[in-house]
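Spelled out from the first residue to the last, the chains are:
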Amino acid sequence: MAEVPEPGGSAPFPETIRTDRLRIERLCHDAVDLQEYYRICSADDDIDEVTEFLSWEPHDSIRETKAFVDMVERQWENGESAAYLLRPREPEPGAGDIAGGTGMTVDWERGTGTLGIWLRKRFWGRGYAGERAAAFVELAFERLGLDRVAVEHRVGNERSRRAVEKYVDRFGGSYDGRQRNWAVKADEVREQHRYTISREQYRRSRDRRREVTA
């Protein structure tokens, strides 16, 4: 169960979300040391492996890191997307450290929130992707009134595929198909797989879980 407080300020997103093992806090200049974040995004252990299937490359300069944080602050204030840091909570190993980043981009006209996540390699294999996904699915349908949650992963990213299929199935979602010539990274066109969870699917799965625990 996630603790999702009411949003603060003009943006519709909560500043902080807590799950059983994670603190999910807004990514902004007030919440992150820019030097530390630059180091993580540029020269962290296995950074090339971490970013292999992501939309971004390791940062080349602290100016690039600052520009990224500036951008997500603007998008937050405009209600376009919510970017967060992931920090494990006690007694998790590495409690308080930045484990990675997550967020949701919202297309208000289509009523769709698209999820994203990346994790530093030493935090792989702990089930954090599914735990944070459950919190964002709840946020999307219970607080933001969206009609659909989408998640995509690059073709060939088997680690993401396994995690995504597990939590999409949990919420009654479905595989929508393969998106060809969809994403561009380093001038290379790449393909993605897309999954969605509708409001109706989410509610049916929620009701089934309540019946099981009643």
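Structure: see above.
Analysis parameters
- Residues numbered from 1 in each chain as written.
- Predicted model: local features only at pLDDT ≥ 70, side-chain atom pairs only at ≥ 80, totals over all residues.
- Heavy atoms only, no water.
- Helix = DSSP H or I, 4+ residues; strand = E, 2+ residues; numbered from the N terminus.
- Buried < 20%, exposed > 50% of the residue type's maximum accessible area, 1.4 Å probe, protein only.
- Contact = heavy atoms within 4.5 Å.
- Axes fitted to C-alpha atoms, helices over the stretch in contact; angles between N-to-C directions.
- Left-handed = near helix turned anticlockwise from the far one by under 90°.
- Nonpolar A, V, L, I, M, F, W, Y, C, P; charged D, E, K, R; others polar.
- Phe/Tyr/Trp six-rings, centres within 6.5 Å; stacked < 30°, edge-to-face > 60°.
- Expected span 1.5 Å × (residues − 1).
- Arc of directions from axis to C-beta.

Engineer: What is the right way to look at the side chain of Thr65 in this model?
Structural biologist: Residue position: Thr65 is located in helix H3 (residues 62–77). On the basis of relative accessible area, Thr65 is assigned to the buried category, the value being 0%. Not counting residues within four places of it along the chain, the set of residues in contact with Thr65 comprises Leu34, Tyr37, Tyr38 and His59.

Engineer: When you look at the packing of helix H4 (residues 128–143) against helix H5 (residues 158–170) in this model, what are you seeing that I'm missing?
Structural biologist: Angle between the axes and distance between the axes: these two values describe a pair of packed helices. Close contact between H4 and H5 brings their axes to 9 Å; oriented N to C, the two are set at 35 degrees. Here H4 and H5 pass one another in a crossing that is right-handed. When H4 is examined against H5, the residues Ala129, Gly130, Arg132, Ala133 and Ala134 are found in contact with a partner set consisting of Ala163, Tyr167 and Arg170. Class assignment of the residues belonging to the contact of H4 with H5 gives a composition of five nonpolar, one polar and two charged.

Engineer: Even after reading the chapter, I still don't get the packing of aromatic side chains, so can you show me in this structure?
Structural biologist: For any pair of aromatic rings, geometry is given as the distance between the ring centres together with the angle between the planes. Applying the stated criterion across every chain yields a total of seven aromatic pairs. Relative to Phe136, the ring of Tyr84 has its centre 5.5 Å away and its plane inclined at 70 degrees; by these criteria the two rings are edge-to-face. Residue Tyr84 is located in strand E3 (residues 81–88), and its partner Phe136 is located in helix H4; the two are separated by 52 residues in the primary sequence. Owing to a relative accessible area of 1%, Tyr84 belongs among the buried residues under this scheme. Measuring from centroid to centroid gives 6.2 Å for Phe171 and Tyr202, while their planes differ by 35 degrees, and the two rings are tilted. Within this pair, whereas Phe171 is found in the loop between H5 and strand E7 (174–185), its partner Tyr202 is found in helix H6 (residues 199–213), the two being separated by 31 residues in sequence. For Phe171, a relative accessible area of 3% puts it in the buried group. Residue Tyr202 is classed as buried on the basis of its relative accessible area of 6%.

Engineer: What's the story with H5 in this structure? I'm lost.
Structural biologist: In an α-helix, one turn spans 3.6 residues; hence positions three or four apart end up facing the same way. Taking 1.5 Å per residue as the helical rise, H5 with its 13 residues ought to reach 18 Å, and the 18 Å between its terminal C-alpha atoms agrees with that figure. For H5, every residue scored as buried is listed here: Val164, Tyr167 and Val168. Viewed along the axis of H5, the buried residues span an arc of 105 degrees, placing them on a single side of the element. Every exposed residue of H5 that faces more than 90 degrees away from the buried side is listed here: Lys166 and Asp169. Gly172 occupies a position one or two residues after H5 and carries a positive phi of about 75 degrees.

Engineer: I would appreciate a short explanation of the environment of Ala129 in the present structure.
Structural biologist: Among the secondary structure elements, Ala129 is positioned in helix H4. For Ala129, a relative accessible area of 16% gives the class buried. It is 9.3 Å that separates the C-alpha atoms of Ala129 and Gly116, two residues lying 13 residues apart in sequence. Beyond its immediate stretch of four places on either side in the chain, Ala129 contacts Ile117, Ala163 and Tyr167.

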